[in-house]
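Examining the three-dimensional arrangement
What follows is each chain in one-letter form.
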Amino acid sequence: MKIRIIEAENGLQAVTAAEQSLPDVILMDISMPVMDGYEATKRIKESVKSGNIPVIAVTAHAMPEDKLRIMSAGFDGYLPKPVHRAELFQELASFIPYAEGANDYSPLRKKQDAECEAEKKPADYGNIVFENVTILMADDDADNRSLLREFFQDMNIRFIEAGDGLAASIAAEQVLPDVILMDISMPVMDGYEAIKRIKENIKSKNIAVIAVTGFATPKDEKRITDAGFDGYLSKPFSRAELFQKISHFVPYTEKSVGANNYSPLPEITERLENEFAPLYEKALESGNFADIEAFARQIGEFGKQYSLDKFVVLGRDLLTHVGNFDIDNIEALLNSYPELIKGEKIWLFGNLRGSHLTDK
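Read on for a plain summary of the structure. Predicted model only: the values in this text are computed from it and were never measured.

Moving on: the overall build of the protein. Counting its regular elements, the protein contains 14 helices and 13 strands. For the protein, with 360 residues in total, the buried portion stands at 42%. Summarising the internal contacts of the protein: among those between residues at least 6 apart in sequence, 62% fall at separations of at least 24. As presented, the protein carries roughly 19800 Å² of accessible surface, and 51% of it is formed by carbon and sulfur atoms.

The following block contains the structure:
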């Protein structure tokens, strides 16, 4: 690539270089000596000469509030460390032209075209139907429970309601629903204590429990998965998002296709053993950050593909600790992986096999 790269070791040097060289884009670290990234970006944007240069923050701070502060400070983009080459190029492509093969193509136009194509495609989960399924909804807000009922109109669904965690734990044992949608903040007993009781009960421990919560920070997500929830939905969520999550735990049919008897269990098991076991062993034995990052990214994508939230959280947390050079937490997460695999296999076997789905 014909790229001219100019380097600066602190924010003050970056401000000077921006005005003198007028680069096409600036990659700005936040924590720097002399002048940090916030002050540097402020000065760059206030300058008549450099005010229109896109500035992308490159930072280890990955919490939602960090991103909000960064974007509010005038940055045009945001890349959390560690940065993957593809992610970097994707972010840069939003601000500068590039050539793809023999075609020069405006990044903005390409993005708009992709969005138009996506809008033309029908929602994957908007056309499915659940039949002969029992769903327990635990939420102290009657309006929320009513809204969820509307999502399942015209379906043969047995819908049971509970106004608090204690009532939910009792109903779970007595009714044995196929899936539980559990609010976190409830009176009498919250969702964390309720799922603890449900998972400790021999009768109800294999029921899939999905957290329904307004808390959406990575810290909240980790607490939810660590508590034993099998998945989570952040409010507000769409009907398609709800159906997508539930479809991983109970059988369903597609209106236009007919019965869906596909079980992802063999595919998941095969990939864990043949694809991810070698990646994990390599990351564990080498201790090389590049190997750990590769494992983290791929296991996270694997979790997203099959809606296995614990793998999503594992991948994200590993990337965060790699970016912070936090060796102790990296080792702890890697050492926890075998138990995570064991627990997920037991859960998958009990739920996907037990739901009368057959293999491909």
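Still to come is the rest of the account.
One open sheet accounts for 5 strands, arranged 8-7-9-10-11; its pairing is parallel. Bordering the open sheet on either side are strand 8 (157-162) and strand 11 (231-234), each of which pairs with just one other strand. Mean inter-strand twist for the sheet, computed between neighbouring axes without regard to direction, equals 20°. Packing against the sheet, helix 7 (residues 165-175) makes contact with strand 7 (133-138), strand 8 and strand 9 (179-183), and its axis sits at approximately 165° to strand 7. Here helix 8 (residues 191-200) sits on the sheet and contacts strand 9 and strand 10 (208-213); the angle it forms with strand 9, its principal contact strand, is near 155°.

With parallel pairing, 3 strands are arranged side by side in an open sheet as 1-2-3. In this open sheet, the two strands that pair with only one neighbour each are strand 1 (26-29) and strand 3 (77-80). Across the sheet, the axes of successive neighbouring strands diverge by a mean angle of 25°, strand direction being ignored. Sheet analysis places strand 1 next to strand 2 (residues 55-59), joined by 4 bridges and oriented parallel. Residue pairing across strands places Met 28 opposite Ala 57, the latter belonging to strand 2. Against the sheet, helix 4 (residues 85-92) makes contact with strand 1, strand 2 and strand 3, and its axis sits at roughly 175° relative to strand 3, the strand it touches most.

A separate point is helix 10 (residues 239-246). Among all positions in helix 10, only Leu 242, Phe 243, Lys 245 and Ile 246 are buried. For helix 10, the buried positions fall inside an angular range of 160° around the axis, keeping them on one side.

Below, the discussion takes up the environment of Asp 76. Examined against the element boundaries, Asp 76 turns out to sit in the loop between helix 3 (64-72) and strand 3. Relative accessible area serves as the criterion here: at 32%, Asp 76 is assigned to the partly exposed category. For the pair Asp 76 and Thr 41, spaced 35 residues apart in the sequence, the C-alpha separation amounts to 10.0 Å. Aside from chain neighbours lying at most four places away, what touches Asp 76 is Lys 45, Ile 53, Pro 54, Val 55, Met 71 and Phe 95. At a separation of 2.7 Å, a polar atom in the side chain of Asp 76 contacts the side chain of Lys 45.

Overall, the coordinates contain 12 aromatic pairs when judged by the stated rule. The rings of Phe 130, Phe 152, Phe 159 and Phe 243 are connected pair by pair, giving a single aromatic cluster. Sitting over the ring of Tyr 192, Arg 223 keeps its end group 3.8 Å from the ring centre. Over the ring of Tyr 232 we find Lys 245, and its NZ or CZ is 5.9 Å from the ring centre.

Further remarks concern the pairing of strand 10. Among the 6 residues in strand 10, 6 count as buried, and that is most of the element. Side-chain alternation along strand 10 places Ala 208, Ile 210 and Val 212 on one buried face and Val 209, Ala 211 and Thr 213 on a second face that is also buried. Sheet analysis places strand 9 next to strand 10, joined by 5 bridges and oriented parallel. Paired with Met 182 across the two strands is Ala 211, which belongs to strand 10. Since strand 9 and strand 10 lie parallel, the crossover through helix 8 that links them has a hand, and here it is right-handed.

Criteria and thresholds
Residues numbered from 1 in each chain as written. Predicted model: local features only at pLDDT ≥ 70, side-chain atom pairs only at ≥ 80, totals over all residues. Heavy atoms only, no water. Helix = DSSP H or I, 4+ residues; strand = E, 2+ residues; numbered from the N terminus. Buried < 20%, exposed > 50% of the residue type's maximum accessible area, 1.4 Å probe, protein only. Contact = heavy atoms within 4.5 Å. Areas by Shrake-Rupley, 256 points an atom, 1.4 Å probe, with all protein chains shown as cover. Pairing = 2+ DSSP bridges. Axes fitted to C-alpha atoms, helices over the stretch in contact; angles between N-to-C directions. Arc of directions from axis to C-beta. Polar contact = N/O pair within 3.5 Å; in protein donor to acceptor, adjacent residues only side chain to side chain. Phe/Tyr/Trp six-rings, centres within 6.5 Å; stacked < 30°, edge-to-face > 60°. Lys NZ or Arg CZ within 6 Å of the ring centre and 35° of its normal. Right-handed = clockwise from strand over helix to strand, strands pointing away.

It is worth stressing that arrangement in space is one thing and function is another; only the former is reported here.
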